Amino acid sequence: MYFKPKQLAWVLSMAAILVFFSSHVVHSSNDFTENMRASGHLTQRVSMNMENPPETDGDDRYNLSMFRSTAYLELNGYYDLFDFGVVGRIDREYKTEYLRELDRMSNADLESFYDDAEFREYYVDIEPWDNVQMRLGKQQVVWGRTDFFQAMDVIHGYDFSWRTFLEAENQYLRKPLTMANAQVRMPGGQLQLIWIPGDDINSEDQYGNTYDLRGGRWALQPNKGFDFLTGGVPYNYHHSEGDSDDDHYGVRWTGMTGPVEYSLAYFYGNRQDPVLNSAADPYEGEAPQNEFAEFIFPKEHMIGGTMNYYFRPLDMVLRTELAYIFDRTYNVGQDASEVFAGIPGFDGIEEYDTVRSMIGFDKPMSWVKPLLGARKDGFFSMQLFTTTLLDYDRGKDEDNIVRLAGYGAGHYEYDSILTGILGWNYAGDTVNPQLAGGVQVNNGDFFVIPSCQFVLSDRLRLYTEYAMFFPGSNYKEPGEVETDTQLIGWFENNDQLYVRLKYVF
């Protein structure tokens, strides 16, 4: 095995730390395992198509779209000089008849695409100096607190390939990274410093969001059964403006001022969502490696902050997140008859300073007791997400920037999505219904997700969910050249019934 200098230095440093502390533990403890704790779960996930995707020849309504088994184990150790954690997960999928059909259409070997086995996290926690804590190794760092969409949670990419943003337990979608994470307690708050070293210490596909570009069950309509990655548009993680081998870093300050909890942050790293670099107008003059098109993750600078405040008169917590991204990249070229290869978004990349914001609140709801028969207050959360493109020229840009390469719909200057979640409980919190939904304010497209979690025993949980999408007429049929498909329209004919059975230990 060949190591680059920075990789070798990192591995040797981690080994030295582990050897030092492990030897100390062996000499100071009679039973190394006494201070270790293991937990985890065995989970079976099943989903069913509640609509018929138009890409396949047959009627796939009510066919199983997912039969996924997961074994998840977390091991933690607690000692005088250090703590450690190891998290492993194995995912295996049974290829349903519906997936066999998509596999036949795409030749993408979807079974291997969905199967996974990895040590998701492995790290040590040390306190080298008073008031200084360090976590070294592969881990997750969460800066934002939002559901569905992320404003400040920018450090990690997400794996949306086997399930989309609908997955509430997003710690299972987030892609952990090997990094040094230091937290320094100071008067008035805490300073956090993050360094993610390059040079392949993290594999390249650990960066950026991963979508279903293989033509599987969560490929956007009308792309099921088509494998983009082998069909001409692969990922390139090493573009000069977005090289995963470069270092990433960030800093955050968290504190309290009066009753307000706040944070201020800066991060430099890869864009989470990829953009398309085409041969028509290569980004920064660097042509695609295949001389046609590729997905890249340009680097960007982000500054931002969060704020939480308990507003006693209304008994609610007000929350906000704000992120300013310098020179965020967007694909251009809406008119398919005029752009390269006749595909919207293939006419190059342009940069716009962008503001992503979230304002929302969390509030207990007493009315669920008399109206719904609950024995205690329910919980309601509402959030308004807005993406604002600065220096947006309506005379030029509204007919030029695309929301997503491959679709002809433009990107709004102010793109807003309003989401809400209402939860309540029955039977001593063993029956927990929840109603979630969201509407794209600009065009009225919306989604609704009723769900319920049942606590069957101390170790057994059953969760059911029905995801429904309502894009009106704003969606793209196979072969259609359109100009109106926005976020919700990508999931037309993709309503899903989802069941999850989890045994925890």
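Up top you'll find the structure we're talking about.
Residues numbered from 1 in each chain as written. Predicted model: local features only at pLDDT ≥ 70, side-chain atom pairs only at ≥ 80, totals over all residues. Heavy atoms only, no water.

J.: How would you sum up the overall build of the protein chain? Please name residues and give values.
T.: For the protein chain, the count of helices and strands is 4 helices and 22 strands. Scaling as 2.2 N^0.38, a compact globule of 505 residues should have a C-alpha radius of gyration of about 23 Å, and the protein chain matches this with 24 Å. C-alpha extents for the protein chain along the principal axes are approximately 75 × 65 × 50 Å. By the burial criterion, 52% of the 505 residues in the protein chain qualify as buried. Counting contacts in the protein chain only where the partners sit at least 6 residues apart, residues at least 24 apart contribute 65% of the total. Just so you have it, the protein chain exposes about 22,800 Å², and 56% of that area is on carbon and sulfur atoms. Computing the positive centroid from 41 side-chain charges and the negative centroid from 76, the protein chain places the two 9 Å apart. (Helix = DSSP H or I, 4+ residues; strand = E, 2+ residues; numbered from the N terminus. Rg over C-alpha atoms; globule rule 2.2 N^0.38 Å. Buried < 20%, exposed > 50% of the residue type's maximum accessible area, 1.4 Å probe, protein only. Contact = heavy atoms within 4.5 Å. Areas by Shrake-Rupley, 256 points an atom, 1.4 Å probe, with all protein chains shown as cover. Lys, Arg positive; Asp, Glu negative; His and termini not counted. Charge placed at Lys NZ, Arg CZ, Asp CG, Glu CD.)

J.: Explain the pairing of strand S14 (residues 299–311) to me, using residue names and the numbers behind them.
T.: Successive residues of a regular strand alternate their side chains across the two faces of the sheet. In the sheet, strand S11 (residues 260–270) pairs with S14 via 11 bridges, with the strands oriented antiparallel. The residue bridging Tyr262 from the neighbouring strand is Met307, located in S14. Between the antiparallel neighbours S14 and strand S15 (residues 316–331) lie 4 residues, among them Asp315 with a positive phi of about 50 degrees. (Pairing = 2+ DSSP bridges.)

J.: Describe the pairing of strand S19 (residues 431–440), listing the residues and the values that go with them.
T.: Across 7 bridges, strand S18 (residues 414–423) lies against S19 in antiparallel orientation. The residue of S19 that forms the bridge with Leu422 is Leu435. The sheet contact formed by S19 and strand S20 (residues 446–455) spans 9 bridges and is antiparallel. Considered in S20, the bridge of Ala436 is made with Ile449. Hairpin connection of S19 to S20: 5 residues between the antiparallel strands, including Gly444 at a positive phi of 85 degrees.

J.: A description of the pattern of salt bridges should follow, citing residues and the corresponding values.
T.: Taken as a whole, this structure holds 24 salt bridges when the rule is applied. One network of salt bridges, with partners in common, ties together Arg68, Arg89, Asp91, Glu93, Glu118, Arg120, Lys138 and Arg217. (Salt bridge = Lys/Arg side-chain N within 4 Å of Asp/Glu carboxyl O.)

J.: Any details on the nonpolar core? Residues and values, ideally.
T.: Of all hydrophobic cores here, the largest spans 18 residues; its most connected members are Leu166, Ile449, Phe469, Leu487, Trp490 and Phe491. Of all the elements in the fold, those that place two or more residues in this core are S18, S20 and strand S21 (460–470). Among all residues touching Leu166, those that are not within four sequence positions of it are Trp218, Ile449, Glu465, Ala467 and Phe469. Ile155, Met179, Ile194 and Phe267 belong to the second-largest nonpolar core, a separate cluster that totals 15 residues. (Core = buried A, V, L, I, M, F, W, Y, C linked by side-chain atoms within 4.5 Å.)

J.: Describe the packing of aromatic side chains, with residues and values.
T.: Applying the stated criterion across every chain yields a total of 26 aromatic pairs. Clustering of aromatic rings is evident, with ring pairs tying together Tyr235, Tyr237, Phe295 and Phe297. In this structure, Arg217 packs its charged tip against the face of Tyr114, placed 4.1 Å from the ring centre. The ring of Tyr330 has Arg271 lying over it, and the distance from NZ or CZ to the ring centre is 5.6 Å. (Phe/Tyr/Trp six-rings, centres within 6.5 Å; stacked < 30°, edge-to-face > 60°. Lys NZ or Arg CZ within 6 Å of the ring centre and 35° of its normal.)

J.: I'd like to hear about the environment of Ala280, residue by residue, with values.
T.: Note on placement: Ala280 falls in the loop between strand S12 (275–278) and strand S13 (293–296). Residue Ala280 is classed as partly exposed on the basis of its relative accessible area, which comes to 39%. As for Ala280 and Arg214, which are separated by 66 residues in sequence, their C-alpha atoms are 24 Å apart.

J.: Now, about the side chain of Gln192: what can you tell me, with residues and values included?
T.: Along the chain, Gln192 turns up in strand S7 (residues 189–196). At 3.0 Å, the side chain of Gln192 and the side chain of Asn181 are in polar contact. Every residue in contact with Gln192, bar those within four places of it in the chain, is listed here: Val141, Trp143, Asn181, Ala182, Gln183, Gly250, Val251 and Arg252. (Polar contact = N/O pair within 3.5 Å; in protein donor to acceptor, adjacent residues only side chain to side chain.)

J.: Let's hear about the environment of Arg319: which residues, and what values?
T.: Along the polypeptide, Arg319 turns up in strand S15. Note on Arg319: relative accessible area 9%, which makes it buried. It is 28 Å that separates the C-alpha atoms of Arg319 and Val431, two residues lying 112 residues apart in sequence. Beyond its immediate sequence surroundings of up to four residues, Arg319 is in contact with Arg145, Met307, Asn308, Met358, Ile359, Gly360, Phe361, Asp362, Ser381, Met382 and Gln383. One polar contact links Arg319 to Asp362, side chain to side chain, over a distance of 2.9 Å. Polar contacts involving the side chain of Arg319 include one to the side chain of Gln383, which spans 3.3 Å.

J.: Help me get a handle on a nonpolar patch on the surface, residues and values and all.
T.: Nonpolar side chains collect at one region of the surface, where Leu42, Leu73, Tyr503 and Phe505 lie side by side and expose about 370 Å² of accessible area between them. Following the sequence through the fold, Tyr503 ends up in strand S22 (residues 496–504). (Patch = residues over 30% accessible without salt bridge, like charges linked within 9 Å, V, L, I, M, F, W, Y side chains within 5 Å.)

J.: Pulling in residues and values, what's your account of the environment of Asp281?
T.: When you line up the elements, Asp281 lands in the loop between S12 and S13. For the pair Asp281 and Asp347, spaced 66 residues apart in sequence, the C-alpha to C-alpha distance is 6.2 Å. Among residues more than four places away in sequence, those in contact with Asp281 are Asp347 and Gly348.

J.: Quick one: what's the story with the side chain of Arg89, residue by residue and with numbers?
T.: Its location among the elements puts Arg89 in strand S3 (residues 82–93). Owing to a relative accessible area of 6%, Arg89 belongs among the buried residues under this scheme. For Arg89, the side chain forms a polar contact with the side chain of Asp91, separated by 2.9 Å. Setting aside residues no more than four positions away along its own chain, Arg89 makes contact with Thr70, Ala71, Tyr72, Asp116, Ala117, Glu118, Arg120 and Tyr172.

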